[in-house]
Amino acid sequence: MFSHVMIGTNDLDKAKTFYDNLLSTLEVRPARVDGRRIFYITKTGVFSVTKPINGEAATPANGGTIGFAANSPEQVNAWHTAGIAAGGVPCEDPPGVRQGPGVNLYIAYLRDLDGNKICAMHRMAS
């Protein structure tokens, strides 16, 4: 459904270091830099971080979350650990199973360096 997701940052170099470390746990290569933006390109889509084009400060979306697919609970845990080590802030419940009608998810949440809410999620067998 989506071709890409783009979020804002106030410090592109710090964002690149943070997301390079974080996304390497999900087997994503380091970002390609294109001027004021960085791009993580995979077979399933593109994640990008940019300094706002209008020159104003980047702010996180209120109520927004960007979710990254993980292959296992262990990969979710590695993502969470790497994110905290790179300066991310844990939010919501600790990493773990979240259950709903017909769905079992293993999820971890963080706030990135600019306050954007991000998560890693593994869909478990029901």
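Conventions adopted
Residues numbered from 1 in each chain as written. Predicted model: local features only at pLDDT ≥ 70, side-chain atom pairs only at ≥ 80, totals over all residues. Heavy atoms only, no water. pLDDT = per-residue confidence, 0-100. Helix = DSSP H or I, 4+ residues; strand = E, 2+ residues; numbered from the N terminus. Phe/Tyr/Trp six-rings, centres within 6.5 Å; stacked < 30°, edge-to-face > 60°. Expected span 1.5 Å × (residues − 1). Buried < 20%, exposed > 50% of the residue type's maximum accessible area, 1.4 Å probe, protein only. Polar contact = N/O pair within 3.5 Å; in protein donor to acceptor, adjacent residues only side chain to side chain. Pairing = 2+ DSSP bridges. Axes fitted to C-alpha atoms, helices over the stretch in contact; angles between N-to-C directions. Contact = heavy atoms within 4.5 Å. Disulfide = S-S within 2.5 Å.

(A) Spotlight on the confidence of the model for the chain. When pLDDT is averaged along the chain, the result is 95, and 100% of the positions lie at 70 or above. Here strand 2 (residues 32-34) stands out as the element of the chain with the lowest mean pLDDT, 91, in contrast to helix 2 (residues 73-85), whose mean of 98 is the highest.

(B) Focus on the packing of aromatic side chains. Going through the model one piece at a time under the given rule, you end up with 4 aromatic pairs. Among the aromatic residues, those joined into a ring-pair cluster are Phe18, Tyr19, Tyr40, Phe47 and Phe68.

(C) Focus on helix 1 (residues 12-24). End to end, helix 1 covers 18 Å across 13 residues, agreeing with the expected 18 Å (1.5 Å per residue, within 8%). Buried within helix 1 we find Leu12, Ala15, Phe18, Tyr19, Asp20, Leu22 and Leu23. One side-chain oxygen of the residue at the start of helix 1 lies 3.2 Å from the amide nitrogen of aspartate 13, identifying that residue as aspartate 11.

(D) Local environment of the sheet that holds strand 4 (residues 45-50). Taking strand neighbours across the sheet as the criterion, the 4 strands line up as 1-4-3-2 in an open arrangement whose pairing is mixed. Unpaired on one side and paired on the other, strand 1 (4-8) and strand 2 mark the two borders of the sheet. Across this sheet, the average inter-strand angle for adjacent strands is 20 degrees, counted without regard to direction. Sheet topology note: the strand 1/strand 4 ladder contains 5 bridges and is parallel. Counted as the bridge partner of methionine 6 is serine 48 from strand 4. Of the strands in this sheet, strand 1, strand 2, strand 3 (37-42) and strand 4 are in contact with helix 1, which crosses strand 3 at around 20 degrees.

(E) Structural detail: the side chain of glutamine 75. Structurally, glutamine 75 can be placed in helix 2. Apart from the residues within four sequence positions on either side, glutamine 75 is in contact with Thr25, Leu26, Glu27 and Ala70.

(F) View of the pairing of strand 8 (residues 103-111). Summarising burial for strand 8: 7 of the 9 residues are buried, a large majority. Looking at chain direction, strand 6 (residues 89-90) and strand 8 are connected through 2 bridges and run antiparallel. Looking at the pairing, proline 90 lines up with leucine 110 of strand 8. Connecting the antiparallel pair strand 7 (residues 96-100) and strand 8 is a turn made up of 2 residues, with glycine 102 showing a positive phi of about 75 degrees. Sheet topology note: the strand 8/strand 9 (residues 117-124) ladder contains 8 bridges and is antiparallel. Bridging from a neighbouring strand, tyrosine 109 pairs with cysteine 119 of strand 9. Where strand 8 folds back onto strand 9 in an antiparallel hairpin, the turn is made up of 5 residues, including glycine 115, whose phi is positive at roughly 90 degrees.

(G) The state of the cysteines, seen in detail. This model, assessed by the stated rule, comprises 0 disulfides. Cysteine cysteine 119 remains unbridged, with the sulfur of cysteine 91 as its closest cysteine sulfur at 9.1 Å.

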